Amino acid sequence: MIKNILNLGDAAAYCDFGSEVNETINNNVINYFNQIKELTKNEKIQGITNLTPSYNKLIISYDLTVTNFKKIKGIIENLEVKETFKKDNKEIKIPVCCTEDFSLDFDRLTKKLKLNKDKILQLYLDKEYFCYMTGFIAGMPFLGDTDKNIRCERLETPRVRVPKGSIGITEQFANIYTFESPGGWNIIGNTPKKIFDNNNLNQPALINPGDKVKFYQITKEEYLNWNE
Amino acid sequence: MNKSYFEILRPGVNTTIQDKGRYNLYHIGISVSGAIDQRNYKLANRLVGNNLDEAVIEFAYQGPHLRLKNANINFAITGDIFFKIIRKNSKIEDGECYRNYLLEEGDQLDIISTKKSAYGYLSVSGGLELKKLWKSYSTNTKAKIGSNNGNKFSSDDKIFITNSDVKNFLEKKIDYKALIDNTIRVIKGTNFDYFSKQATKNFFNEEFQVTNLADRMGIRLKGHEIENIKNTNIKSEGLVKGVIQVPADGNPIIMLSDHGTIGGYPKIANVISADLDVVGQLTPGTNIYFKEVSLEEAENIFKAYNEDTKKYLNESN
């Protein structure tokens with residue numbers, strides 16, 4: 001449950017669910033997120049302009065001409081939150097091509113982890129991942145947890161441009177760069193799959209919090225011929 | 001009839017379509033975008049008799065040079081802007097901000113530069129011919145969404161105009177005094193205790209300079225390095241416009257309209273809502289100070305800001 005509600009500036013409430021990152025805490029965040037989103041949609045709560053769920057926090061932005069921190073805090077504290085999180089969330093399979101031109105950081109990873117490329121890939125592909133949150137750039141999923149043996153910190157100097165479709169790992173997380181963007185994650189491959197589609201107005205992000213994700217390897221030829 | 005549009009003779013450095021912004025999409029990674037200076041965007045619309053949520057053309061530093069095709073329009077420019085109107089008979093007029101003008105077929109509008117601020121706004125009566133995406137016209141160049149396919153304008157683009165035939169031109173003016181202040185008011189951030197006593201003292205007492213790394217995403221500052229005594233990273237969490245993050249190098253970054261929706265640097269403070277327009281308009285090289293206010297003070301200052309905006313909006317009637 002929420003441990004503490006603070007103000008983030010004068011136009012957002014900062015709900016703190018704890019300091020650890022795990023699925024139980026994240027499910028709690030998602031339950032609150034779903035419920036407040038529903039109440040906002042049905043106009044049961046006025047003035048909420050944005051909700052940002054993350055691993056263990058939920059930020060509620062509001063319109064200061066309509067409401068204020070005290071009112072929002074009161075509403076959140078009195079909310080009876082239902083278990084809206086479903087155990088049968090979507091399972092999504094993502095193709096990934098790991099040829100040398102795509103796996104930009106394998107040299108670094110083999111040195112740091114003292115494992116060869118095949119072993120790193122095997123440990124990476126064997127796991128099913130949980131989507132904790134989506135964001136930073138449109139549709140980027142934050143997935144976890146990676147195998148303990150392939151955890152590695154971010155690059156010392158982040159890249160100015162990470163190619164679109166890149167699959168990155170850092171610490172216990174994996175992600176997908178849905179657009180070309182600056183970034184410091186260790187890049188191990190690239191997916192041709194469309195992860196963010198702004199023509200799909202109701203569900204533009206393919207992977208949403210609570211979803212399960214499994215990666216499978218494809219060849220360069222399959223990558224180049226990918227057609228959606 | 002032929003379509004009415006602005007031909008782009010020079011696009012300017014960062015010319016985009018903006019409005020109030022795009023809301024309720026942080027959870028999939030889409031920031032609000034919208035006009036950096038919300039008050040000036042509203043005033044621009046009011047000067048040409050538009051609804052306040054109509055799309056406007058936002059430009060930064062060097063603005064666009066446009067030629068009007070197949071239309072007679074009523075336009076206004078807000079901000080601190082140096083611009084000229086080049087009539088089709090080659091007569092040149094010096095432009096004045098905060099009033100409207102009649103621009104006729106074949107006339108040119110040359111928005112040469114902003115003066116002591118970063119952004120300016122061009123409104124056209126009846127608005128621009130654009131489609132909304134998720135209830136907003138705003139161009140978001142990071143997610144490649146919104147007007148002009150999510151891109152800033154280039155020379156090959158055209159800016160189409162909805163109402164192309166102004167018959168009754170009525171002059172409107174607003175006697176506007178720009179908010180210029182080097183003191184930015186902030187509320188303590190959620191990670192204020194990550195920084196040393198000396199660092200937080202410096203934060204409120206020493207000046208910071210706006211660097212060249214300033215755009216619609218955010219503004220990087222330099223000054224006294226802010227010493228972190230706890231951890232230079234936090235578990236990534238949501239950001240909002242006005243958050244001041246401090247990465248490992250100790251130099252603060254203020255988040256603006258196109259910020260990433262999630263960030264992992266500790267937050268030392270948040271700019272109050274009433275000062276966001278001023279912060280957005282800061283130009284590289286400017287020295288600023290931060291002043292702490294309470295949440296209650298911030299709410300009252302915002303009320304006054306909002307009343308002031310209304311007062312200016314009513315003035316043009």
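Residues numbered from 1 in each chain as written. Chains lettered and ligands numbered in written order. Predicted model: local features only at pLDDT ≥ 70, side-chain atom pairs only at ≥ 80, totals over all residues. Heavy atoms only, no water.

Points about the domain arrangement of chain B
Residues and elements named next belong to chain B. Our working rule: By convention here, the domain bounds are inherited from an automatic or database domain assignment. What counts as buried area is the accessible surface, traced by a 1.4 Å probe, that two parts surrender upon association, with contributions from both included.
Domain assignment breaks chain B into domain 1 (4-161) and domain 2 (183-313). Relative placement of domain 1 and domain 2: their C-alpha centres are 27 Å apart. For the domain 1 and domain 2 pair, buried surface summed over both sides reaches about 2100 Å², with 52% attributable to carbon and sulfur atoms. For domain 1, the biggest contributors to the area lost against domain 2 are Tyr-26, Ile-36 and Arg-39; these three give 33% of the whole.

Focus on the pairing of strand 10 (residues 119-124) of chain B
In regular strands, side chains alternate between the two faces of the sheet. Residue and element names in this part refer to chain B. To be explicit about the condition: Throughout this description, buried means an accessible area under 20% of the type-specific maximum (1.4 Å probe, protein chains only), exposed means over 50%, and partly exposed covers the range between. Numbering goes from the N terminus for both helices and strands, where a helix is a DSSP run of H or I of at least four residues and a strand is a run of E of at least two. The pairing criterion for strands is at least two bridges between them, as found by DSSP.
Of all six residues in strand 10, six are buried, a share of seventy percent or more. Burial along strand 10 is two-sided: the face carrying Tyr-119, Tyr-121 and Ser-123 and the face carrying Gly-120, Leu-122 and Val-124 are both buried. As defined by bridge partners, strand 3 (residues 56-60) adjoins strand 10 across four bridges and the pair is classed as antiparallel. Bridging from a neighbouring strand, Phe-59 pairs with Gly-120 of strand 10.

Things to note about the sheet that holds strand 19 (residues 267-271) of chain B
Residues and elements named next belong to chain B. Put simply, the rule is: To obtain each axis, a line is fitted to C-alpha atoms, and for helices this fit is confined to the stretch in contact; angles are then taken between N-to-C directions over 0 to 180 degrees. The contact criterion used is simple: two residues touch if any of their non-hydrogen atoms lie within 4.5 Å.
One closed barrel holds the seven strands; their spatial order is 12-19-16-17-14-13-20, and the pairing between them is mixed. For this sheet, the mean angle separating the axes of adjacent strands, direction not counted, is 40°. In the packing of helix 2 (residues 197-205) onto the sheet, the strands contacted are strand 12 (183-188), strand 13 (208-214), strand 16 (243-245), strand 19 and strand 20 (287-292), and the crossing angle to strand 20 comes to about 115°.

Observations regarding the interface of chain A and chain B
Applicable threshold: A pair is scored as a salt bridge if a Lys or Arg side-chain nitrogen falls within 4 Å of a carboxyl oxygen belonging to Asp or Glu. Any pair of nitrogen or oxygen atoms within 3.5 Å is treated as a polar contact; in protein, a donor-acceptor pairing is required on top of that, and neighbouring residues in sequence qualify only through side-chain atoms on both sides.
Listed as interface residues are 45 residues of chain A and, on the opposing side, 35 residues of chain B. Interface area, chain A with chain B, both sides summed: about 3300 Å², of which 63% is carbon and sulfur. Among the residues chain A hides against chain B, the three largest losses belong to A:Asp10, A:Asn50 and A:Phe136. Together they make up 18% of the total. The tally of links between chain A and chain B comes to zero salt bridges. In this assembly, chain A and chain B are joined by 11 residue pairs in polar contact (both at pLDDT 80 or more).

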